[in-house]
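Below, each chain spelled out in residue letters.
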Amino acid sequence: FMSFDREVGAWVPPRPGRAQLGRLLEASYALEPSRSDPDHRRFAQELRRRQKKRALVVVITDFVDLDGSEALLQILPGLAKRHAVLWVALRDPALRKNVNRSVSNTSDAYRSVVALGLQQRRAELMERLRRLGLSAVDAEPSEVSAQTLRSYLALRARQ
């Protein structure tokens, strides 16, 4: 388990046993939100340094669009050579609501157009990830656990 923004935050090395779940939960509960842009290259360097054996790397993100994720797209193929990578993108439920909202004024129209643009860019990014051979999930929080588990099982069956 690794969290990161500009710097690596929490790090819980892999260990066997039931106690590991407690360590993972403690590390995740201690996380604080950050407004810093993530340094994806540093993340990749630290992961390579700390995790020598092949592993399942699940990247959980709330990315917004292609521009913010371009650096990550550049490093993921290198990570995928050593590790099995599963990209999990948390989708804001408000995005769907704004795409599907009825338009009654100019403000509603702008919101809908922007949401539609974001949704399209996310779809493009997910397609790029799949073309790179990576497993990818794009789901709202209420659906993310089930979709991630299905993707993990499919990835495991392939490998």
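Attention here is on the structure that accompanies the text.

The rules behind each value
- Residues numbered from 1 in each chain as written.
- Predicted model: local features only at pLDDT ≥ 70, side-chain atom pairs only at ≥ 80, totals over all residues.
- Heavy atoms only, no water.
- Salt bridge = Lys/Arg side-chain N within 4 Å of Asp/Glu carboxyl O.
- Helix = DSSP H or I, 4+ residues; strand = E, 2+ residues; numbered from the N terminus.
- Buried < 20%, exposed > 50% of the residue type's maximum accessible area, 1.4 Å probe, protein only.
- Core = buried A, V, L, I, M, F, W, Y, C linked by side-chain atoms within 4.5 Å.
- Contact = heavy atoms within 4.5 Å.

A word on the pattern of salt bridges
Opposite charge on two side chains makes pairing possible when the charged atoms of those side chains draw close. This structure, assessed with the given rule, holds 8 salt bridges. Ionic pairing is found between Arg 50 and Glu 46, a salt bridge with its closest N-O pair at 2.8 Å. Pair noted here: Arg 50 and Glu 46 are both in helix α2 (residues 40-50), with a separation of 4 residues, about one helical turn. Overall, the relative accessible area of 29% leaves Arg 50 in the partly exposed class. Here Arg 122 makes a salt bridge to Asp 138, at a shortest N to O gap of 2.5 Å. Of the two residues, Arg 122 sits in helix α5 (residues 106-131) while Asp 138 sits in strand β5 (residues 135-139), which places them 16 residues apart along the sequence. The exposure class assigned to Arg 122 is buried, which follows from its relative accessible area of 5%. Taking relative accessible area as the criterion, Asp 138 reaches 17% and is therefore assigned buried. One connected set of salt bridges, linked through shared partners, spans Glu 46, Arg 49 and Arg 50.

Some details on the nonpolar core
Phe 43, Leu 76, Leu 79, Trp 87 and Leu 129 are the most contacted members of the largest nonpolar core, which has 20 residues in total. Of all the elements in the fold, those that place two or more residues in this core are α2, β3 (56-61), α3 (66-82), β4 (84-90) and α5. At 5 residues, α3 tops the list of elements feeding residues into this core. Leaving out residues up to four positions away in the same chain, Leu 76 has contacts with Val 85, Trp 87, Leu 129 and Leu 134. Within the second largest apolar cluster, 5 residues are counted, among which are Val 88, Val 137, Ala 139 and Val 144.

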